[in-house]
Amino acid sequence: MNEIEKRDIMQNPAASITPKVNIDKLFSKINAIDYAALWFLSANLADNDTDTKIYIKDICDSMKLPLERVTGIIRSFESKGLVIWTHDDDGHDGTYIKITDYGVEQILEQRELLDNVHRNVIESYGEEKFMELITGLFELEDIINKEIEKRN
């Protein structure tokens, strides 16, 4: 690290920890935003679960998003074949989604790819060094939050 980089880090420490990795390159199966949302929706489901009903109201509540935003996400997923959106009987009890076989496949394949990258990064960096880095980042986060709280 040269002197200019050190100076820039000292002047703006929060910006210095901003990732400079093009994370989108890790998402070959499904884009990062879709993966995150699908992962969130499927987090409480067993792998390969295409039977569980996930009600739209529950998605809104858990994601803390308005209905319009959630329905936009669901329509996008439905058009990509990741979920089916349906209802029981006359729909009076609400509508729900189920993750399709294709959606489950995309989640599992992307998860496997990310897990492999994660393992390889830790192995290359060193597990002990990695844990020290994470511990240091948690400490830095606490210090930043305390400084913010002082000003509020």
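Anything mentioned here points back to the structure above.
Each residue is numbered by its place in its chain's sequence as written, counting from 1. Totals for whole chains, interfaces and linings use all residues, but because this is a predicted model, local features are given only for residues with pLDDT of at least 70 and pairs of side-chain atoms are given and counted only at 80 or more. Here the side-chain values reflect all heavy atoms present in the structure, with hydrogen atoms and water set aside.

## What to know about the pattern of salt bridges
Logical step 1: What counts as a salt bridge is simple: a side-chain nitrogen of Lys or Arg found within 4 Å of a carboxyl oxygen of Asp or Glu. The full count for this structure, using the stated rule, is five salt bridges.
Logical step 2: We note a salt bridge from Asp-61 to Lys-57, for which the minimum N-O separation is 2.9 Å. Highlighted residues: Asp-61 and Lys-57, both in helix α4 (residues 56-63), separated by four residues, approximately one helical turn. Segments assigned H or I by DSSP are reported as helices when at least four residues long, segments assigned E as strands when at least two residues long, and all are numbered from the N terminus.

## Observations concerning the side chain of Lys-98
Logical step 1: Along the chain, the position of Lys-98 falls in strand β3 (residues 95-99).
Logical step 2: Any two residues having at least one pair of non-hydrogen atoms within 4.5 Å are treated as being in contact. Ignoring sequence-local partners within four residues, the contact set of Lys-98 consists of Thr-50, Asp-51, Thr-52, Lys-53, Leu-82, Val-83 and Ile-84.

## Describing the packing of aromatic side chains
Logical step 1: Think of it this way: a Phe, Tyr or Trp ring, Trp meaning its six-membered ring, pairs with another when their centres are within 6.5 Å, and the plane angle makes it stacked under 30 degrees, edge-to-face over 60, tilted otherwise. Following the criterion strictly, the structure yields two aromatic pairs and no others.
Logical step 2: Ring geometry for Phe-27 against Tyr-35: centres 5.8 Å apart, planes inclined by 50 degrees, an arrangement best described as tilted. The two residues Phe-27 and Tyr-35 agree in class, both being buried.
Logical step 3: Either the NZ atom of lysine or the CZ atom of arginine qualifies as a charge over a ring when it sits within 6 Å of the ring centre and within 35 degrees of the ring normal. The ring of Tyr-125 carries Lys-129 above its face, with NZ or CZ at 4.4 Å from the centroid. Throughout this description, buried means an accessible area under 20% of the type-specific maximum (1.4 Å probe, protein chains only), exposed means over 50%, and partly exposed covers the range between.

## Let's talk about the sheet that holds strand β2 (residues 83-87)
Logical step 1: Between any two strands, at least two bridges found by DSSP are needed for them to pair. Ordered by their spatial adjacency, three strands build an open sheet running β1-β3-β2, and the pairing between neighbours is antiparallel. Each edge of the open sheet is held by one strand with a lone partner, namely β1 (54-55) and β2.
Logical step 2: Both β1 and β3 contribute to a ladder of two bridges, which runs antiparallel. Looking at β3, one finds that Ile-54 is bridged to Ile-97.
Logical step 3: To get an axis, fit a line to the C-alpha atoms, keeping to the stretch in contact for a helix; angles then go from 0 to 180 degrees between the N-to-C directions. Contacting β2 and β3, helix α5 (residues 67-79) runs over the sheet at an angle of about 120 degrees to β2.

## Looking at α5
Logical step 1: By this rule, a helix spans an expected 1.5 Å times one less than how many residues it contains. Its 13 residues place the ends of α5 18 Å apart at the C-alpha level, agreeing with the 18 Å of an ideal helix rising 1.5 Å per residue.
Logical step 2: Burial in α5 covers these residues: Val-70, Thr-71, Ile-73, Ile-74 and Phe-77. For α5, the buried positions fall inside an angular range of 160 degrees around the axis, keeping them on one side. Of the exposed residues in α5, those oriented more than 90 degrees away from the buried face are Glu-68, Arg-75 and Ser-79.
Logical step 3: Summarising the contacts, the buried residues of α5 are in contact with α3 (32-42), α4, β2 and β3.
Logical step 4: Where α5 terminates, the next one or two residues include Gly-81, which has phi positive at roughly 80 degrees. Within this analysis, the arc is defined by the directions that extend from the helix axis to the C-beta atoms.

That is the geometry; function is a separate question.
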